[in-house]
Amino acid sequence: MKTIILSIAISVVTLIANAQIKNVTEVSKTTITTTKDSDGVKQSIKKQDVKEVQNVELENPNSNELNKDIKPTPIDVTSKTQVINADGSTRTVDVDRSSYYESNGKKVQLSLDANGYSMIIPETKTKTLLRKTATNSYILKSKNKYAIGYFDTNGDLIIETYDAKSDKVNAETYKIAK
């Protein structure tokens with residue numbers, strides 16, 4: 001009898017200790033891109049794992065009400081993107097900045113590629129490459145110019161170019177399109 005009561009007590013304590021005090025949502029998304037060119041067919045795979053964690057807190061934890069309201073708390077979002085290139089190499093990106101950006105009425109699309117990002121102007125299909133440097137910035141290479149780009153705290157893309165005639169650095173801000 002003593003053993004039965006003791007095992008019930010241990011079970012109840014275990015259930016209470018394992019009660020969920022967090023809302024956790026995990027979403028995985030896999031995108032496979034197939035490119036066909038003169039070299040053949042190449043496939044790159046992009047796996048994105050997003051985890052959202054929210055602490056559960058009650059509005060009035062000490063009230064005598066049976067049903068209690070949940071207090072809104074901040075959501076902690078972590079995202080990890082893994083890119084598997086056509087040649088089999090793998091790289092991990094902490095923050096995927098793929099999106100549409102705008103500057104002075106000009107809209108560009110930034111998309112993750114094998115070695116960084118590709119910036120495409122949708123109207124002209126012009127492609128510019130962005131390659132990551134060690135200093136958390138990007139070297140921007142287009143047909144006839146090189147520039148430096150980086151993301152500010154708002155997630156906007158800043159591209160700085162050097163003008164040799166005026167001996168100044170010009171900055172162009174591409175705001176994320178909503």
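Each value, and the rule that gives it
Residues numbered from 1 in each chain as written. Predicted model: local features only at pLDDT ≥ 70, side-chain atom pairs only at ≥ 80, totals over all residues. Heavy atoms only, no water. Helix = DSSP H or I, 4+ residues; strand = E, 2+ residues; numbered from the N terminus. Contact = heavy atoms within 4.5 Å. Phe/Tyr/Trp six-rings, centres within 6.5 Å; stacked < 30°, edge-to-face > 60°. Buried < 20%, exposed > 50% of the residue type's maximum accessible area, 1.4 Å probe, protein only. Core = buried A, V, L, I, M, F, W, Y, C linked by side-chain atoms within 4.5 Å. Pairing = 2+ DSSP bridges. Axes fitted to C-alpha atoms, helices over the stretch in contact; angles between N-to-C directions. Salt bridge = Lys/Arg side-chain N within 4 Å of Asp/Glu carboxyl O.

A word on the side chain of threonine 73. Along the chain, the position of threonine 73 falls in the loop between strand E4 (70-71) and strand E5 (75-84). What threonine 73 contacts, discounting residues up to four positions off in sequence, is Gln54, Asn55 and Glu57.

Inspection of every chain in the model, using the stated rule, returns 4 aromatic pairs. Taken together, a centroid distance of 6.4 Å and an interplanar angle of 50 degrees make the contact between tyrosine 101 and phenylalanine 151 tilted. Taken together, the residues span a long stretch of sequence, with tyrosine 101 in strand E7 (residues 99-103) and phenylalanine 151 in strand E12 (residues 146-151) at a distance of 50 residues. Pair check on accessibility: tyrosine 101 and phenylalanine 151 agree, each one buried. On the basis of an interplanar angle of 65 degrees and a centroid distance of 5.6 Å, the ring pair of tyrosine 117 and tyrosine 138 is categorised as edge-to-face.

Next up on the list: the nonpolar core. Within the largest apolar cluster, 16 residues are counted, with the highest numbers of intra-cluster contacts made by Tyr101, Leu110, Tyr117, Met119, Leu130, Leu157 and Ile159. Of all the secondary structure elements, the ones that give two or more residues to this core are strand E8 (106-112), strand E9 (116-121), strand E11 (138-141), E12 and strand E13 (157-163).

Let us now look at the sheet that holds E5. One open sheet holds the 4 strands; their spatial order is E1-E2-E5-E6, and the pairing between them is antiparallel. Edge positions in the open sheet fall to strand E1 (22-37) and strand E6 (90-93), since each of these has one partner strand only. Direction aside, the axes of adjacent strands within the sheet are offset by 15 degrees on average.

Taken as a whole and assessed by the stated rule, the structure comprises 2 salt bridges. A salt bridge links glutamate 57 to lysine 71; the nearest nitrogen and oxygen atoms lie 3.3 Å apart. Taken together, the residues span a long stretch of sequence, with glutamate 57 in strand E3 (residues 57-58) and lysine 71 in strand E4 at a distance of 14 residues. For lysine 71, a relative accessible area of 33% gives the class partly exposed.

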